[in-house]
Amino acid sequence: MQTTQADKIFDWAYAPAPEATDHVHINKKYDLFIDGKFVKPGKGKYTNTISPSTEQLLAQVAEADEKDVDKAVKAAKSAYDKTWKKMPGKEKAKYIFRIARMIQERAREFSVIETMNGGKPIRESRDIDIPLAANHFFYYAGWADKLDYAFPNRKPQPVGVAGQIIPWNFPLLMAAWKIAPALATGNTVVLKPAETTPLTALKLAEIIQESGLPDGVVNIITGAGQTGAALVNHSLINKVAFTGSTEVGKVIQKALAGSNKKLSLELGGKGAHIVFEDAPIDQAVEGIVNGIFFNQGHVCCAGSRLFVQESIADKLIDKLKDRMSSLIVGDPLDKNTDIGAIHSKEQLDKINQYLSVGKKEGAEMYQPSCIIPKKGFYCKPTLFLNASQSHRIVQEEIFGPVLAVQTFRTIEEVIEKANNAPYGLSAGVWTDKGSRIFNLTSQLKAGVVWANTYNKFDPASPFGGYKESGFGREGGLHGLMPYLNL
Ligand code: NAI
Ligand code: MG
């Protein structure tokens, strides 16, 4: 049989283009960053952190117990009273600006470590996570001496010591989202990264040390849930900022009820893509792919539900399947990779469980026939067709590369369906009509609504949710408020 031009294109594969790792330095062991110094944990306990793409050990990381947490919080309190509270805004800005510059200078190293520790494709850590993290510091450096203009006649005052707990899906970016606005508003910080992805936060601690930021203004301590709980419950903490699961968010909210601590929660999501028959269809397919397969679906605002207007459903789904079959799943350090490693064995198990649930519930599963590496944690991009509102795969957050597809006929029907979820973080609307976009943005119960695009972030625009997705906004001028008494 003769091979046609089309076959050749189909057979054509990219040669591997792995990013170099030899310029990266990872210590064998990491201590706790408290009061400007790296100190050993009181009980001398360390845990392993691995690469989810190879299952290889990367480093050992200290586990902070209650006494270590107490030390870190006291260091932050003393730095708040003695230096940071009193320092003029324009002086604070210089430090925040310097941290931004230093992240930029070491961007390549940060990207590689983020990919090694978290499993996300190097293309994403290089083009999205690390530049956005630096931009966040740049952006908030600009606010530090302008708070009186941001909130005229309201005498903005810092809250005090912020306890900040972040997840594993955007390790450095979430650290930036938390630390930058807290510093700009005059607070000091104790930050706890996720136990599985601590390395870029610890690299950030090195930068903070080099930047000359006064000791104790930022403290970075590692450990798991117990460490987080000790931080939340410490009596000298004035403000808790948490990003993670809805389950832990609820525990924290209960623990803080009746206390004077301020709280902001950024929890789960079940984002909806709504595609109308007049949408630019190829652009929509790219947006849908980006919305759910980006970062393996480990994104709280992932577009994990697709509502497509009945008249174009077959065409769109065909195109979507085609596009999915061209996605490259594998080594996240390879610059060609579209879908990297699932962040942990536990998360992969959870996703696989949802795949069986979806099949049992009667939805039709589609996965392209790509090959995935034997070592490491990987999942193929997955579609569930003919899903229905009552299915668990439609209602519950999977946090993996899994998209549930439904069709609709009228705008009223799709608004009702899209809003019928316990979460309200994000949505994407695809249509040629501006009036329809505005109609939907006002009726969808979602904190962020993208129009004819998806997963676009900017430090200047606020981000946050409704309902079980949490409360409080991060980014933009709104992102200053959780750290101020107004
Ligand atoms: P998690 O909520 O347990 O972990 C997030 C952070 O909270 C980590 O730093 C963890 O050490 C800390 N933590 C855990 N228990 C705590 C407690 N009692 N008090 C204070 N801090 C505590 O999330 P996990 O278990 O890693 O993931 C479970 C599910 O949560 C995922 O499958 C996903 O559905 C969702 N998730 C949502 C995220 C988001 O961005 N909204 C991020 C990560 C997970
Ligand atoms: Mg958990």
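Caption draft 1: Local environment of the overall build of the protein. When its secondary structure is counted, the protein shows 16 helices and 22 strands. Taking 486 residues into account, the globule formula puts the C-alpha radius of gyration at 23 Å, and the protein, at 23 Å, falls close to it. If one aligns the C-alpha atoms of the protein with their principal axes, the spans along those axes are about 75 × 50 × 35 Å. Across the 486 residues that make up the protein, the buried fraction comes to 59%. Residue pairs at least 24 apart in sequence account for 75% of intrachain contacts in the protein once pairs closer than 6 positions are excluded. Of the roughly 20300 Å² of accessible surface on the protein, a fraction of 52% belongs to carbon and sulfur atoms. Across the protein, the centroid of the 58 positively charged side chains sits 6 Å from that of the 52 negatively charged ones.

Caption draft 2: Representation of the domain arrangement of the protein within the structure. Under the domain assignment used here, the protein contains domain 1 (29-267 + 469-485) and domain 2 (272-451). Distance from the C-alpha centre of domain 1 to the C-alpha centre of domain 2: 30 Å. Listed as interface residues are 27 residues of domain 1 and, on the opposing side, 28 residues of domain 2. A combined buried area of about 2300 Å² lies between domain 1 and domain 2, and 58% of that area is made up of carbon and sulfur atoms. Of all residues in domain 1, R123, W168 and S469 give up the largest surface area on contact with domain 2, accounting jointly for 23% of the area buried on that side. Our count for the contact surface shared by domain 1 and domain 2 stands at one salt bridge. For the pair domain 1 and domain 2, the number of links is 12 residue pairs in polar contact (both at pLDDT 80 or more). With five residues, the single largest contributor to the side of domain 1 that touches domain 2 is helix α5 (residues 122-143).

Caption draft 3: Main features of the nonpolar core. Within the largest apolar cluster, 94 residues are counted, with the highest numbers of intra-cluster contacts made by I103, F137, V218, V275 and L320. Top contributing element to this core by residue count: helix α7 (residues 171-184), with 11 residues. Residues from two domains meet in this core; each of domain 1 (29-267 + 469-485) and domain 2 (272-451) gives at least three. Within the second largest apolar cluster, 25 residues are counted, among which are V161, I237, I252 and L265.

Caption draft 4: Up close: the pairing of strand β18 (residues 426-430). Among the five residues of β18, five are classified as buried, and the element is accordingly described as predominantly covered. Alternating positions in β18 separate into two faces, S426, G428 and W430 on one and A427 and V429 on the other, with burial throughout. Here strand β12 (residues 272-275) runs beside β18; their pairing, made up of four bridges, is parallel. Residue A272 lies in a different strand from β18, and its bridge partner there is A427. Sheet topology note: the β18/strand β19 (residues 448-451) ladder contains four bridges and is parallel. Bridging across to β19, G428 finds its partner in W450. In this fold, the crossover linking β18 to β19 by way of helix α16 (residues 434-443) has right-handed handedness.

The rules behind each value
- Residues numbered from 1 in each chain as written.
- Chains lettered and ligands numbered in written order.
- Predicted model: local features only at pLDDT ≥ 70, side-chain atom pairs only at ≥ 80, totals over all residues.
- Heavy atoms only, no water.
- Helix = DSSP H or I, 4+ residues; strand = E, 2+ residues; numbered from the N terminus.
- Rg over C-alpha atoms; globule rule 2.2 N^0.38 Å.
- Buried < 20%, exposed > 50% of the residue type's maximum accessible area, 1.4 Å probe, protein only.
- Contact = heavy atoms within 4.5 Å.
- Areas by Shrake-Rupley, 256 points an atom, 1.4 Å probe, with all protein chains shown as cover.
- Lys, Arg positive; Asp, Glu negative; His and termini not counted.
- Charge placed at Lys NZ, Arg CZ, Asp CG, Glu CD.
- Domains from an automatic or database assignment.
- Buried area = accessible area lost by both parts, 1.4 Å probe.
- Salt bridge = Lys/Arg side-chain N within 4 Å of Asp/Glu carboxyl O.
- Polar contact = N/O pair within 3.5 Å; in protein donor to acceptor, adjacent residues only side chain to side chain.
- Core = buried A, V, L, I, M, F, W, Y, C linked by side-chain atoms within 4.5 Å.
- Pairing = 2+ DSSP bridges.
- Right-handed = clockwise from strand over helix to strand, strands pointing away.

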